[in-house]
Amino acid sequence: MKAARVKTPRRPALRKPTPPGPKDPVGVYCRVRPLSRPDQECCIEVINESTVQIHPPDGYKIFRNGEYRETQYSFKEVFGTRVAQKELFDVVAKPLVEDLIRGKNGLLFTYGVTGSGKTHTMTGSPGDGGLLPRCLAMIFNSIGPFQAKRFVFKLDDKNGVDVQCEVDALLERQKRDAMPVPKTPSGKRQIDPEFADMINVQDHCKAEEVDEDNVYSVFVSYIEIYNNYIYDLLEETPFDLIKPKWNNCNTPVRNGDFIPPQSKILREDQNHNMYVTGCTEVEVKSTEEAFEVFWKGQKKRRIANTQLNRESSRSHGVFIIKLAQAPLDADGDNVLQEKEQITLSQLSLVDLAGSERTNRTKAEGSRLREAGNINQSLMTLRTCIEVLRENQMCGTNKMVPYRDSKLTHLFKNYFDGEGKVRMIVCVNPKAEDYEESLQVMRFAEMTQEVEVARPVDRPLCGLTPGRRFRNQAFREELARKLEIRGGPINGETEEQSALELLLPSFPPLPSCELLDINDDQTLPKLIEVLEERHKLRQKLSEEFSKNVLTFKTILRELDSNVMSKENCLQGKLSEKEKIITGQKAEIERLEKKSKTLEYKIEILEKTATIYEEDKRHLQQELESKSQKLQRQASDKRRLEARLQGMVAETTMKWEKECERRVAAKQLEMQNKLWVKDEKLKQLKAIVTEPKSEKPERPSRERDREKAIQRSISPPPVPNAPPVRLRHRRSRSAGERWVDHKPPSNLPTDTVMQPHVPHAITVAAASEKALAKCDKYMLTHQELASDGEIETKLIKGDVFKTRGGGQAVQFTEIETLKQESPTGRKRRSSPSSADPPEDAANAEWTDVETRCSVAVEMRAGSALGPGYQHHAQPKRRKP
């Protein structure tokens, strides 16, 4: 029991990882079927032998960045609408058949939407066989003369194979012939005309390298995966495609004739290969027999009429071809009875059901359920491919969901183990299948990036090659020589021919008849002849012995020569095998190096792409930042220019303000000095003469008389021209002025008169006049200390106030004084009494009012211009 407990686990606890040998990518090919009608719209175009282009049909245009999108997909090879089945077979399926004969596994499946030509590609049509009949024809054309008799190889129920001796195989054949069950089709019986044209292949394709010292047997099986269940299409039980009727209780009506098919179970053998338990596997000996078995199962396969395809496959069909081979013994007569020397290879041809959209097929009921299961299994296949691709390219170790579908679980060993996998993508170029074809193209493009371990070559058996044909040649030569020497058939003829050859060499016997009792000559003569014959016989015996010894010696020498030659050949063969092993190791090393370099190149290309993308992004970022810096620099320059303007404007304002303040201060000081002078003058006038309310114009005649009396001057020249009045030109004559002349002023008849061009003369300051001008001049008259009228021109600048009015800031004073040449300047007496305080104050007030006045007009004021007295001018904010 303890030993049994040790052997209890069916699988090893730690599965051996796949050896890191060379890998090959999945070969993906594309085949484009022709359109059903010439007026149909086409959305797929063949660009070259490896590229197709798919574009949206009219009315279904996809835009990217505002442009019409056309997508191109690359494959290992693209087959157009005019490619024949033979050309497709030579490129895709022929290498898989050659690997099958060499003992390697292969998987070939067709993929595409419903109605794209998958079944036609795999099975073919009358007169033009597909890939499956051509594969069978190539197999039997290659191994035809080397096939073993029936039941020499026997498959077990654990996906293995046993070899039987000739006696056991004969018993099996006899037992089979005695059974009443239907026999498998024989190659000599008439072929069913329904599929006779499909297998009538005229090219007789054969594999180039077939081991002639092996014997072969072919086993075929046919299963379908329907609604995620596996069914045996070669099972002999009654199989009715029509479902039983259903009653009102939604339960099937019992029918004794109807036996529902039993689904099969998937298991894993000791080599971790998946197989179907209890599946019928038929040994076939010819192409016709194998295809008849296939056609028998094909009739049981589930098909249905849908909106898109009149004969749509509703299940995944898997036709499995197993090839068992074993070497002959050293004599080249019988099969070597060693199970370790048996090689079992397998080729799976899969016709996948087409993916479809239920809104297009208008499927209902069971058809809807079938479509859902078909799409689910294909989606699981796509998921497994995606996870495999991610694990291989990114180095991850995600679990591949093979068990989610029977389809992926069955072919798990091809992707995790070793073998060659090829896929034919069948597409229909009509515009109605655009969306489905687009999804198929994307899946095919992704499948090409998955790699599968390359199958290894089987080891050599160690026996002398060519032993089958040497044995046949020996037998043919022996039969030819015997035929030349008389054509011996059995032992009697050999003895007769020997006696016939030996009798002429013996002396003839005399007559032995005794006629007389006294005859003494007959017996002595007979004795003498017999003695001679005995001597001759002894001589012949000795000669024969010598010849036998000589022949034995020659045979020994020949055997020694043959043994030495065989040893020499074995040595050379071992050397050649070593060289071949070294070359294979070198090839594997170079292939591994090539794969590594390809992987590095791919990584470098991806890295270069990433760097180029980063470079483009950085360039774009640099350009954006450069533009931002340029904008900031231009903003900075504008800000600097603005600040410089503001600084210049502020500086100019402050300079003007300073100048204004300085001028105002100077004016203020001058006003103060002038006020003091006026006070002193008024005080002096008060002291010297009585004050008059209104200055009177002095008599010019009196002054003139006084002047004549005071100084004697020559009389005026007679006939002198009259003196022309001259007007004194103001220093600011080019500007707009307001000439304010109060009505109390007296006219003076002086030669020099103030004259300002373009001036507005007013008697009182008004807002209207001040708004039109930028300069203001006040003409003020007063009585000087010497009694003359002194005219002062008080000038100022007009500017707007914040309150909306006008203000005047006085800047300078011009004085026009008229003096008499005979008059004397009176000086104030120090002893004169001071003028009255009130009079002085009144005079000061009048002068201040006239000389230090600022006019401000208030917006909205109904009182008109108002006068404000300023001891010092107001400070204006900049």
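Residues numbered from 1 in each chain as written. Predicted model: local features only at pLDDT ≥ 70, side-chain atom pairs only at ≥ 80, totals over all residues. Heavy atoms only, no water.

Notes on the overall build of the protein chain
The criterion, for reference: Strands here are runs of E lasting at least two residues and helices are runs of H or I lasting at least four, both read from the DSSP assignment and numbered beginning at the N terminus. To sort residues, take the accessible area from a 1.4 Å probe on protein chains only and compare it with the maximum for the residue type: under 20% means buried, over 50% means exposed, and anything in between is partly exposed. Contacts between residues were defined by any pair of non-hydrogen atoms, one from each residue, lying within 4.5 Å. Accessible areas in this description were obtained via Shrake-Rupley with a 1.4 Å probe; residue shielding takes into account the shown protein chains only.
On a plain count of helices and strands, the protein chain comes out with 17 helices and 33 strands. Across the 878 residues in the protein chain, those meeting the buried criterion constitute 36%. In the protein chain, of all internal contacts separated by at least 6 residues, the share reaching a separation of at least 24 is 71%. Surface summary for the protein chain: the accessible area is close to 55,700 Å², and the carbon and sulfur share equals 53%.

Focus on unusual backbone geometry
Unusually for a residue other than glycine, Asn227 sits at a positive phi of about 55°. Along the polypeptide, Asn227 turns up in the loop between β14 (214-226) and β15 (229-232). Among the residues examined, Asn227 registers a relative accessible area of 13% and is labelled buried. The backbone of Asn228 shows a phi angle near 65°, a positive value even though the residue is not glycine.

Re a nonpolar patch on the surface
As a reminder of what qualifies: Each patch groups residues whose relative accessible area exceeds 30% and which form no salt bridge, using 9 Å between like charges and 5 Å between nonpolar side chains of Val, Leu, Ile, Met, Phe, Trp and Tyr. When a carboxyl oxygen of Asp or Glu is within 4 Å of a side-chain nitrogen of Lys or Arg, the pair counts as a salt bridge.
The grouping of Phe551, Leu555, Leu558 and Val562 at the surface amounts to a nonpolar patch, some 340 Å² of accessible area in total. Along the polypeptide, Leu558 turns up in helix α14 (residues 522-688). Classification of Leu558 by relative accessible area gives partly exposed; the value is 46%.

Some thoughts on the pattern of salt bridges
Inspection of every chain in the model, using the stated rule, returns 34 salt bridges. A salt bridge links Asp39 to Arg37; the nearest nitrogen and oxygen atoms lie 3.3 Å apart. By relative accessible area, Asp39 is classed as exposed at 61%. Residue classification places Arg37 among the partly exposed positions, given a relative accessible area of 45%. We note a salt bridge from Asp635 to Arg638, for which the minimum N-O separation is 2.0 Å. With Asp635 and Arg638 both in helix α14 and three residues apart, this pair spans about one turn of that helix. Residue classification places Arg638 among the exposed residues on the basis of a relative accessible area of 52%. Overlapping salt bridges bring together Asp99, Arg102, Glu209 and Lys420 as one network.

Quick look at the packing of helix α2 (residues 85-101) against helix α4 (residues 131-143)
Our working rule: Only C-alpha atoms enter the line fits that serve as axes; for helices the fit covers just the stretch in contact. Angles between N-to-C directions range over 0 to 180 degrees. By the definition adopted for this analysis, an angle is roughly parallel if under 35 degrees, roughly antiparallel if over 145, roughly perpendicular if from 65 to 115, and oblique otherwise. Handedness of a crossing follows from how the near helix is turned relative to the far one, being left-handed for an anticlockwise turn of less than a right angle and right-handed for a clockwise one. The nonpolar class holds Ala, Val, Leu, Ile, Met, Phe, Trp, Tyr, Cys and Pro. Asp, Glu, Lys and Arg form the charged class, and all remaining residues, Gly among them, are polar.
α4 packs onto α2 with a crossing angle of 45° between their chain directions and a minimal axis gap of 9 Å. As the angle between them shows, α2 and α4 are arranged oblique. Considering only the axes of α2 and α4, their crossing is right-handed. Contacts between α2 and α4 pair Gln85, Lys86, Leu88, Phe89, Ala93, Lys94, Val97, Glu98, Leu100 and Ile101 from the former with Leu131, Arg134, Cys135, Met138, Ile139 and Ser142 from the latter. Taken together, the residues that form the contact of α2 with α4 break down as 10 nonpolar, two polar and four charged.

Re α2
Note the following rule: Bending is quantified residue by residue as the angle between axes fitted to the seven-residue window ending at that residue and the seven-residue window starting at it.
In α2, a bend of some 50° at Ala93 exceeds every other bend along the element, and Pro95, a proline, comes one to four places later. Buried residues of α2: Gln85, Leu88, Phe89, Val92, Ala93, Pro95, Leu96, Val97, Glu98, Asp99, Leu100 and Ile101, and no others. Within two residues after α2, Gly103 carries a phi angle of roughly 95°, on the positive side.

Some remarks on the packing of aromatic side chains
We count it as follows: Pairing of aromatic rings covers Phe, Tyr and Trp, the last through its six-membered ring, and needs centres within 6.5 Å; plane angles under 30 degrees mean stacked, over 60 mean edge-to-face, and all others mean tilted.
Scanning all chains against the criterion turns up nine aromatic pairs. Aromatic pair Tyr111 and Phe443: ring centres 4.7 Å apart, planes at 40°, arrangement tilted. With Tyr111 in strand β9 (residues 106-112) and Phe443 in helix α11 (residues 434-447), the pair connects residues that are 332 residues apart, well separated along the chain. Look at Tyr111 and you get buried, because its relative accessible area is 6%. Of the residues examined, Phe443 reaches a relative accessible area of 0% and is grouped as buried. In this structure an aromatic cluster arises from ring pairing among Tyr222, Phe291, Phe294, Trp295 and Phe319.

Thoughts on the side chain of Arg134
The condition that has to hold: N or O atoms closer than or at 3.5 Å make up a polar contact, with two conditions inside protein: a donor-capable atom paired with an acceptor-capable one, and, for residues adjacent in sequence, both atoms drawn from side chains.
Positionally, Arg134 belongs in helix α4. Judged by relative accessible area, which is 12%, Arg134 ranks as buried. At a separation of 3.0 Å, a polar atom in the side chain of Arg134 contacts the main-chain carbonyl oxygen of Gly129.

Quick look at helix α6 (residues 287-298)
The line we're drawing: Each helix should span, by expectation, one fewer than its residue count multiplied by 1.5 Å.
The end-to-end C-alpha separation of α6 is 16 Å, in line with the 16 Å expected for 12 residues at 1.5 Å each. Counting buried residues along α6, 10 of its 12 residues qualify, which places the element largely inside the surrounding structure. Buried residues belonging to α6 abut α3 (118-123), α4, β14, β18 (282-284) and β21 (316-327).

Regarding the confidence of the model for the protein chain
Rules: Per-residue confidence from the predictor is reported as pLDDT, a score between 0 and 100.
Summing up the model confidence of the protein chain, the mean pLDDT is 76 and the portion of residues at 70 or higher is 73%. The secondary structure element of the protein chain with the lowest average pLDDT is strand β33 (residues 866-869), at 37, and the one with the highest is strand β2 (residues 27-32), at 95. The model gives residues 488-499 a pLDDT under 50, and that stretch makes four contacts with residues more than four places away or in other chains. Confidence drops under a pLDDT of 50 for residues 698-733, and excluding neighbours within four residues, the segment shows 40 contacts in the predicted structure.

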